[in-house]
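In case you want the letters, here they are:
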Amino acid sequence: MIEVSGLVKRYHELVAVDHIQFRVDRGEVLGFLGPNGAGKTTSMRILTGALPATSGKVVVDGFDVFEAPLEVKRRIGYLPEVPPLYQDLDTSSFLRFVGRLKGLRGRKLEEELERVLAACSVQNVASRRIGNLSKGYRQRIGLAQALLGDPPVLVLDEPTIGLDPNQIVEIRTLIRTLAEQHTVILSTHILPEVTQICSRVLIVHRGRIVADDTLDRLTSEEKTLEQTFHDLTQR
């Protein structure tokens with residue numbers, strides 16, 4: 001489903017992504033875990049076609065992100081760290097606008113709008129102005145726009161950052177539900193997020209992959225994921 005090979009991103013002397021290579025199979029839920037500044041967001045932006053790479057290759061469902069960016073974007077629902085919302089629009093108007101950008105029209109657009117409103121539990125704020133909603137609701141609307149068009153891949157960058165404990169639980173529950181029907185890459189620096197949602201963990205440090213394995217193999221009776229993460233990111 002997703003193949004990343006030799007991915008590099010340089011900003012002058014700074015190497016933000018350093019020859020990253022990994023594969024994500026269809027239906028897999030991958031936790032892209034690392035401390036702040038590890039290169040997670042840069043990698044997600046490149047993978048979704050929002051940022052060019054210095055070198056390397058990314059293929060999503062058979063399409064190269066640099067050679068066929070529109071085909072890749074049709075197959076990915078992307079939730080950036082800061083949801084791309086228009087604060088002055090109401091929820092339905094915003095989602096209808098995004099749906100049109102994705103090529104949805106007529107009955108199909110209305111059916112998709114109804115589906116994502118229900119999937120993200122935001123029907124009750126469909127007519128409310130986004131700028132007046134809580135951050136938890138705005139995050140749900142961000143997920144709803146990513147789901148429009150039913151893309152097979154979801155890329156979620158720090159989806160619970162800045163939320164209160166109740167909102168975090170709600171968003172994590174929603175992501176687990178979405179993972180039943182989508183291939184998911186979840187970028188985060190929060191370890192409980194990975195342990196509760198993901199089946200496989202890829203740990204990034206200083207732009208490089210330092211571990212790539214199942215959650216079970218990265219943990220044991222002797223070592224928790226927290227200890228493994230600490231050991232790998234202190235080198």
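All values derive from a computational prediction rather than experimental measurement.

Rules and cut-offs
Residue indices follow the written sequence of each chain, beginning from 1 at its first position. Totals for whole chains, interfaces and linings use all residues, but because this is a predicted model, local features are given only for residues with pLDDT of at least 70 and pairs of side-chain atoms are given and counted only at 80 or more. Heavy atoms from the whole structure form the basis of all side-chain values; hydrogens and water molecules are not counted. Only buried residues count toward a nonpolar core. Its members are Ala, Val, Leu, Ile, Met, Phe, Trp, Tyr and Cys residues joined through side-chain atoms within 4.5 Å. Burial classes: relative accessible area under 20% of the type maximum marks a residue as buried, over 50% as exposed, and values in between as partly exposed (1.4 Å probe, protein chains only). Counting from the N terminus, the helices are DSSP H or I runs at least four residues long and the strands are E runs at least two residues long. Whether two residues are in contact is decided by their heavy atoms, any of which lying within 4.5 Å being enough. Each salt bridge in this description consists of a side-chain nitrogen of Lys or Arg and a carboxyl oxygen of Asp or Glu lying within 4 Å of one another. Helix axes use the C-alpha atoms of the stretch in contact, all axes being lines fitted to C-alpha atoms, and the angles between their N-to-C directions lie in the range 0 to 180 degrees. For classification, angles of less than 35 degrees are called roughly parallel, those exceeding 145 degrees roughly antiparallel, those between 65 and 115 degrees roughly perpendicular, and all remaining angles oblique. Should the near helix be turned anticlockwise from the far one by less than a right angle, the crossing is left-handed, and should it be turned clockwise, the crossing is right-handed. Pairing between strands is defined by DSSP: at least two bridges between the two strands are required.

**Examining the nonpolar core**
In globular proteins that are soluble, nonpolar side chains generally tend to be buried together. Counting residues in hydrophobic clusters, the biggest one holds 46 residues, and the most contacted among them are Leu95, Ile141, Leu143 and Leu156. No other element matches helix H6 (residues 165-178), which puts five residues into this core. Non-local contacts of Leu156, meaning those with residues more than four positions away in its chain, are made with Leu79, Leu143, Ile175, Val184, Ile185, Leu186 and Ser187. Core analysis: the next-biggest nonpolar cluster, separate from the first, contains 26 residues, Ile46, Val60, Val72 and Ile185 among them.

**Considerations on the pattern of salt bridges**
Throughout the structure, instances matching the rule amount to 17 salt bridges. Between Arg208 and Asp18 there is a salt bridge, and its shortest N-O distance comes to 2.7 Å. Placement of Arg208 in strand E10 (residues 208-214) and of Asp18 in strand E2 (residues 14-24) is noted, with a sequence separation of 190 residues between them. Here Arg23 and Asp25 are joined by a salt bridge, their closest N and O atoms 2.8 Å apart. With relative accessibility at 37%, the residue Asp25 sits in the partly exposed group. Connected through salt bridges with shared partners, the residues Arg26, Asp61, Glu71, Arg74 and Arg75 form a single ionic network.

**Digging into the packing of helix H3 (residues 91-101) against helix H5 (residues 135-147)**
It is the contact of H3 with H5, at a shortest axis distance of 9 Å, that shows an interaxial angle of 30°. Here H3 lies roughly parallel to H5, going by the angle between them. Relative to H5, H3 is oriented so that their crossing is right-handed. Judged by residue contacts, Thr91, Phe94, Leu95 and Val98 of H3 engage Ile141, Ala144 and Gln145 from H5.

**Let's talk about the sheet that holds strand E7 (residues 153-157)**
With mixed pairing, the six strands of this open sheet are ordered in space as E6-E7-E8-E3-E9-E10. Each of the sheet's edge strands pairs with one partner strand only, and the pair in question is strand E6 (76-79) and E10. Taken over all neighbouring pairs, the strand axes of this sheet differ in orientation by 15° on average, direction set aside. Of the pairings in the sheet, the one linking E7 to strand E8 (residues 183-188) comprises five bridges and is parallel in character. Among the inter-strand pairings, Leu156 is bridged to a residue of E8, identified as Leu186. Sheet contacts for helix H1 (residues 40-47): strand E3 (29-33), E6, E7 and E8; angle to E8, the most-contacted strand, approximately 150°.

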